[in-house]
Amino acid sequence: MEQLRVLVVDDEPGMRSGVERALSAFRVTAGCEGDALPGEGDAEVGFLVEQAESGEEALIKIAQNPPDILLLDQMLPGIGGIEILEQMPKQAQHTLTIMITAYASIETAVRATKQGAYDFLPKPFTPAELKEVVRKAGTHVVLARRARKLAEEKKRVRFDFVRVLVHELKAPLGAVLNYVDMLSSRTLGSDLGAYAEVVERSKLRLQQMQKLISDLLDMTKIESGTKSRDLVDLDIRKIAQRCLEMAEPQAAARGITLSLSGSSRLIFKADQGEIEMILNNLVSNAVKYNRDGGQVDVSLSGNERELLLTVADTGIGMSEADQKKLFGEFTRIRNDKTRNILGSGLGLSILKKLVALYDGEVQVKSAVDQGSVFSVTLRQAQGRIAEAE
């Protein structure tokens, strides 16, 4: 149970003790449906009451340990309630103040509100009235805490994202700058042919950065919900054939065989760009992480409600530990076998987000030096899958 600290400031001992008795066993359920933040459930909240008999004592206690809720009498000997609000220390910025008033005027209420008063409780009040105003304040405190926690988490995630992005761009940018410096200083002499390899390496690094930027834009559109979608009946086999044709030059250069099996015609309602991204990502990875002379097999199947895409390779495979972190952003398996394989580290993260749009899932089976099998299941309740000769 979460405990909220309540400081009641009143020069009447009976009033202070009465508030403490009323709230000692009082419980509130904060974060009810409609109020709870994502990832947070309902929380039972209790109240720990402290007392101060004067404004001077209250300011000392607030400065030492700011309460969550301040029950503040407007009329106090010495420093009054409004003056306390005006002198509240900076560390009490999240304290919610409830003014206890006996003869409040409109001007007093406006002044108190301007100084940050959250609510008002007129004297005399019943225990039920006290509990109701404290219930609202307690719920507000809990939800405000959650909102601040969420904001801090977003800030941390954004910082980590920028840090990793800078790291990913720093290496290829540094390499290109070095190559350009070699060209400008004529390090290899005046023969242009001597710089052919330098130019090709520069192009490769620039393509790597271009792919990273493109993947980031795709991921941002998917996560923000701004990606336009055009769901139409598609011949999945034709799309798969085009993906294999695009991968053929890279595969042929390393003696890798590509094959496609399954229904000769498979119709599924989906967005063509999304299906192409899923298949291109899987096939491209199967070629990149394969061994020379290996094989990539793409299989298609489906029924009335589901589409299954399977891509198997005979490549380097991966351990169980690597499989668990495979779909994270900027995640790349780093070892001696993958050191020279370029990539943005976003492809599988984007793939997983695309698959989620179809209420689907991705499964991976892999073993080191034996290859990997990626199986993607897509569901389209409003669409249809039909197989025909």
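Heads up: the structure comes first, above all this text.
Conventions and cut-offs
Residues numbered from 1 in each chain as written. Predicted model: local features only at pLDDT ≥ 70, side-chain atom pairs only at ≥ 80, totals over all residues. Heavy atoms only, no water. Axes fitted to C-alpha atoms, helices over the stretch in contact; angles between N-to-C directions. Helix = DSSP H or I, 4+ residues; strand = E, 2+ residues; numbered from the N terminus. Left-handed = near helix turned anticlockwise from the far one by under 90°. Contact = heavy atoms within 4.5 Å. Nonpolar A, V, L, I, M, F, W, Y, C, P; charged D, E, K, R; others polar. Core = buried A, V, L, I, M, F, W, Y, C linked by side-chain atoms within 4.5 Å. Buried < 20%, exposed > 50% of the residue type's maximum accessible area, 1.4 Å probe, protein only. Pairing = 2+ DSSP bridges. Arc of directions from axis to C-beta. Expected span 1.5 Å × (residues − 1). Polar contact = N/O pair within 3.5 Å; in protein donor to acceptor, adjacent residues only side chain to side chain. Phe/Tyr/Trp six-rings, centres within 6.5 Å; stacked < 30°, edge-to-face > 60°.

Undergrad: Please set out the packing of helix H7 (residues 236-253) against helix H8 (residues 272-288) residue by residue, giving values where relevant.
TA: It is the contact of H7 with H8, at a shortest axis distance of 9 Å, that shows an interaxial angle of 35 degrees. Along this stretch, H7 crosses H8, giving a crossing that reads as right-handed. Between H7, through Ile236, Ile239, Ala240, Arg242, Cys243, Leu244, Met246, Ala247, Gln250 and Ala251, and H8, the contact on the second element is made entirely by Gln272, Ile275, Glu276, Leu279, Asn280, Val283, Val287 and Lys288. Broken down by class, the residue content of the contact of H7 with H8 amounts to 12 nonpolar, 3 polar and 3 charged.

Undergrad: Tell me what's going on with the nonpolar core, and back it up with residues and numbers.
TA: Ile236, Ile278, Leu309, Val376 and Leu378 are the most contacted members of the largest nonpolar core, which totals 44 residues. Those residues in contact with leucine 378 that lie beyond four places of it in its chain are Phe268, Ile275, Ile278, Arg305, Glu306, Leu307, Leu309, Val355 and Tyr358. Formed by 26 residues, the second largest nonpolar core is a distinct cluster that contains Val45, Leu71, Leu121 and Val133.

Undergrad: Before we move on, can you summarise the sheet that holds strand S5 (residues 96-101) with the specific residues and values?
TA: Across the sheet, 6 strands lie side by side as S2-S3-S1-S4-S5-S6; this open sheet has mixed pairing. In this open sheet, the two edge strands, each paired with only one partner strand, are strand S2 (27-30) and strand S6 (117-122). Recorded for the sheet is a direction-independent mean angle of 30 degrees between the axes of neighbouring strands. Both S5 and S6 contribute to a ladder of 5 bridges, which runs parallel.

Undergrad: Lay out the sheet that holds strand S8 (residues 257-262) with the relevant residues and their values.
TA: With mixed pairing, 5 strands are arranged side by side in an open sheet as S8-S10-S11-S13-S12. Pairing within the sheet leaves two strands with one partner each, and these edge strands are S8 and strand S12 (361-367). With direction set aside, neighbouring strand axes in the sheet form an average angle of 10 degrees. Looking at chain direction, S12 and strand S13 (residues 371-379) are connected through 7 bridges and run antiparallel. Looking at S13, one finds that lysine 365 is bridged to valine 373. Running over the sheet, H7 touches S8, strand S10 (295-302) and strand S11 (306-313) and is turned about 170 degrees from S8. Against the sheet, H8 touches S8, S10, S11 and S13, its axis set at about 20 degrees to S11.

Undergrad: Give me the pairing of S12: which residues, what numbers.
TA: Burial of the side chains of S12 is restricted to one face: Val362, Val364 and Ser366 are buried, whereas none of Glu361, Gln363, Lys365 and Ala367 on the reverse face is. Counting the residues in the hairpin turn of S12 and S13 gives 3 residues, including aspartate 369, whose phi is positive at 65 degrees.

Undergrad: Explain helix H2 (residues 55-64) to me, using residue names and the numbers behind them.
TA: Within the span of H2, buried status applies to Gly55, Ala58, Leu59 and Ile62. Seen from one end, H2 has its buried residues packed into an arc of 100 degrees, which puts them on one side. Of the exposed residues in H2, those oriented more than 90 degrees away from the buried face are Ile60 and Gln64. Those residues of H2 that are buried lie in contact with strand S1 (2-9), strand S3 (43-52), strand S4 (69-73) and helix H3 (81-86).

Undergrad: Requested: an account of the environment of isoleucine 62, with residues and values cited.
TA: For isoleucine 62, the location among the structural elements is in helix H2. Residue isoleucine 62 is classed as buried on the basis of its relative accessible area, which comes to 0%. In the structure, isoleucine 62 is positioned 29 residues away from glutamine 91 in sequence and 8.5 Å away in space, judged by C-alpha atoms. Setting aside anything within four residues of it in sequence, one finds isoleucine 62 in contact with Leu7, Pro67, Leu70, Ile84, Met88, Pro89 and Ala92.

Undergrad: Quick one: what's the story with H7, residue by residue and with numbers?
TA: In this model H7 runs 27 Å from its N-terminal to its C-terminal C-alpha over 18 residues, within 8% of the 26 Å that 1.5 Å per residue would give. Within H7, burial applies to Ile236, Arg237, Ile239, Ala240, Cys243, Leu244, Ala247 and Ala251. Structurally, H7 contributes buried residues whose contacts are with strand S7 (231-235), S8, strand S9 (266-271), H8, S10 and S11. One side-chain oxygen at the N-terminal end of H7 lies 3.2 Å from the backbone nitrogen of arginine 237; it belongs to aspartate 235. Following H7 by one or two positions, glycine 255 adopts a phi angle in the positive range, close to 70 degrees.

Undergrad: Let's hear about unusual backbone geometry: which residues, and what values?
TA: Cis geometry is adopted by the peptide bond preceding proline 124, which originates at lysine 123 and carries an omega value of -10 degrees. Examined against the element boundaries, proline 124 turns out to sit in the loop between S6 and helix H5 (127-184). With a phi close to 55 degrees, aspartate 359 is a non-glycine residue in the positive phi region. By secondary structure assignment, the location of aspartate 359 is in the loop between helix H10 (347-357) and S12. Judged by its relative accessible area of 55%, aspartate 359 is exposed. We note that aspartate 369 has phi near 65 degrees; this positive angle belongs to a residue other than glycine. Along the polypeptide, aspartate 369 turns up in the loop between S12 and S13.

Undergrad: Describe the packing of aromatic side chains, with residues and values.
TA: Applying the stated criterion across every chain yields a total of 2 aromatic pairs. When the centroid spacing of 5.7 Å and the interplanar angle of 15 degrees are considered together, the rings of phenylalanine 26 and phenylalanine 47 count as stacked. Here phenylalanine 26, found in the loop between helix H1 (13-24) and S2, pairs with phenylalanine 47, found in strand S3; they are 21 residues apart in sequence, far enough to count as distant. Relative accessible area serves as the criterion here: at 4%, phenylalanine 47 is assigned to the buried category. Here phenylalanine 268 and tyrosine 358 contribute two aromatic rings whose centre-to-centre distance is 6.3 Å and whose plane-to-plane angle is 40 degrees, an arrangement assigned as tilted. Of this pair, phenylalanine 268 sits in strand S9 while tyrosine 358 sits in the loop between H10 and S12, and the two are 90 residues apart along the sequence. Considered together, phenylalanine 268 and tyrosine 358 belong to a single accessibility category, that of buried residues.

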